[in-house]
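Observations on chain architecture
If you want the building blocks of each chain, they are given just below.
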Amino acid sequence: KESTTTNNNNVPPDLDAPFEDLKKEGKSLLEHIISIVILELPVVILLVISGFCVGYVEGWSMLDSVYWVVISGTAIGLGDFAPEKQSTRLFCVFFLPFAVAFLGKLLARIASAYMDRKHRAAEEAFLSRSLALSDINTMDTDRDGRVDKVEFLSYMLVALQKVPKDDV
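Going along each chain's sequence as written, the residues are numbered from 1 onward. Note on the predicted model: pLDDT of at least 70 is required for a residue's local features to be given, and 80 or more for side-chain atom pairs to be given and counted; whole-chain, interface and lining totals, by contrast, use all residues. Hydrogens and waters are ignored; side-chain quantities use all the structure's heavy atoms.

Digging into the environment of Leu29
The helix and strand labels rest on DSSP assignments: H or I over at least four residues marks a helix, E over at least two residues marks a strand, and numbering proceeds from the N terminus. Among the secondary structure elements, Leu29 is positioned in helix α3 (residues 29–39). For the pair Leu29 and Ala113, spaced 84 residues apart in sequence, the C-alpha separation works out to 7.9 Å.

Focus: the pattern of salt bridges
The rule for a salt bridge is simple: a side-chain nitrogen of Lys or Arg has to be within 4 Å of a carboxyl oxygen of Asp or Glu. In the structure shown here, the tally under the stated rule is 4 salt bridges. The salt bridge involving Asp135 is made with Arg129; its shortest N-O contact spans 2.8 Å. Overall, Asp135 belongs to the buried group, its relative accessible area being 8%. Note on classification: 1.4 Å probe, protein chains only; a residue is buried when its accessible area is under 20% of the maximum for its type, exposed when over 50%, partly exposed between these limits.

Overview of a nonpolar patch on the surface
A cluster of nonpolar side chains, Leu30, Ile34 and Ile38, forms an exposed patch at the surface whose accessible area comes to about 300 Å². Mapping Leu30 onto the fold places it in helix α3. For Leu30, a relative accessible area of 57% puts it in the exposed group. Surface patches are drawn from residues lacking salt bridges whose relative accessible area is over 30%; two like charges belong together within 9 Å, two nonpolar side chains (Val, Leu, Ile, Met, Phe, Trp, Tyr) within 5 Å. Per-residue and other accessible areas follow the Shrake-Rupley method at a 1.4 Å probe size, with only the shown protein chains counted as cover for residues.

Section: the packing of aromatic side chains
Any Phe, Tyr or Trp ring, taking Trp's six-membered ring, that has another such ring centre within 6.5 Å forms a pair; planes under 30 degrees apart are called stacked, those over 60 apart edge-to-face, and the others tilted. Counted under the stated rule, the structure contains 6 aromatic pairs. Pairing Tyr67 with Phe81 gives two aromatic rings, centres 5.7 Å apart and planes at 70°, and the pair type is edge-to-face. Taken together, the residues span a long stretch of sequence, with Tyr67 in helix α5 (residues 62–73) and Phe81 in the loop between α5 and α6 (86–128) at a distance of 14 residues. Exposure remark for Tyr67: the relative accessible area of 29% places this residue in the partly exposed category. A relative accessible area of 21% means that Phe81 is categorised as partly exposed. Taking the centre distance of 5.3 Å and the plane angle of 15° together, the rings of Phe91 and Phe95 count as stacked. Taken as a pair, Phe91 and Phe95 lie in helix α6 at a separation of 4 residues, close to a single helical turn. Cluster of aromatic residues (ring-pair linked, three or more members): Trp60, Tyr67, Trp68, Phe81, Phe91 and Phe95.

Description of the packing of helix α4 (residues 41–58) against α6
A fitted line through C-alpha atoms serves as each axis, taken over the contacting stretch for helices, and the angle formed by two N-to-C directions is quoted from 0 to 180°. One way to put it is that α4 packs onto α6 with a least axis distance of 11 Å and a crossing angle of 150°. Taken together, the axes of α4 and α6 are roughly antiparallel relative to one another. In the crossing of α4 with α6, the sense of the turn from one axis to the other is left-handed. Of the residues in α6, those in contact with Val43, Val44, Leu46, Leu47, Ser50, Val54, Val57 and Glu58 of α4 are Ser87, Thr88, Phe91, Phe95, Phe98, Ala99, Phe102, Leu103 and Leu106. Here roughly perpendicular refers to angles of 65 to 115 degrees, roughly parallel to angles under 35, roughly antiparallel to angles over 145, and oblique to all remaining angles. Each crossing gets its handedness from the near helix: less than a right angle anticlockwise from the far helix is left-handed, clockwise is right-handed. When checking whether two residues touch, look at their non-hydrogen atoms; a contact exists if any pair is within 4.5 Å.

Okay, here's the thing in structure tokens:
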């Protein structure tokens, strides 16, 4: 039999389930970002080593080589470091699209982790607050004095930003 007790935030256990992973993890945003980078570490290392190779052929310092990989791979491309030799230019024809795609994906995953945390925190704050009379009045879209399951579900989907109001 399912438990109908509530946790210390007065949220029924079945509504609190999506947040259990976040509570168990207990990771800070920085720890989450580090874990994403560690998962992608082999490719990051490949990018850095490739940058060192380009830098070695071009006569750049190690720091300049890493700088070039980051600036070129994020498609900022300031132009202060550019390969001059034909061999490194040919290598860059293949390397740079890969670097841009990979670093774009990596930065998107980091941004997504940040946005997911913000969204979960907003959901948790919404679900842990008390239901107000104004909420009930807002839910009662047909103004019949009661809130049925469809009205409640529609309200919750829009309030939790799962569905746009126009789609309801």
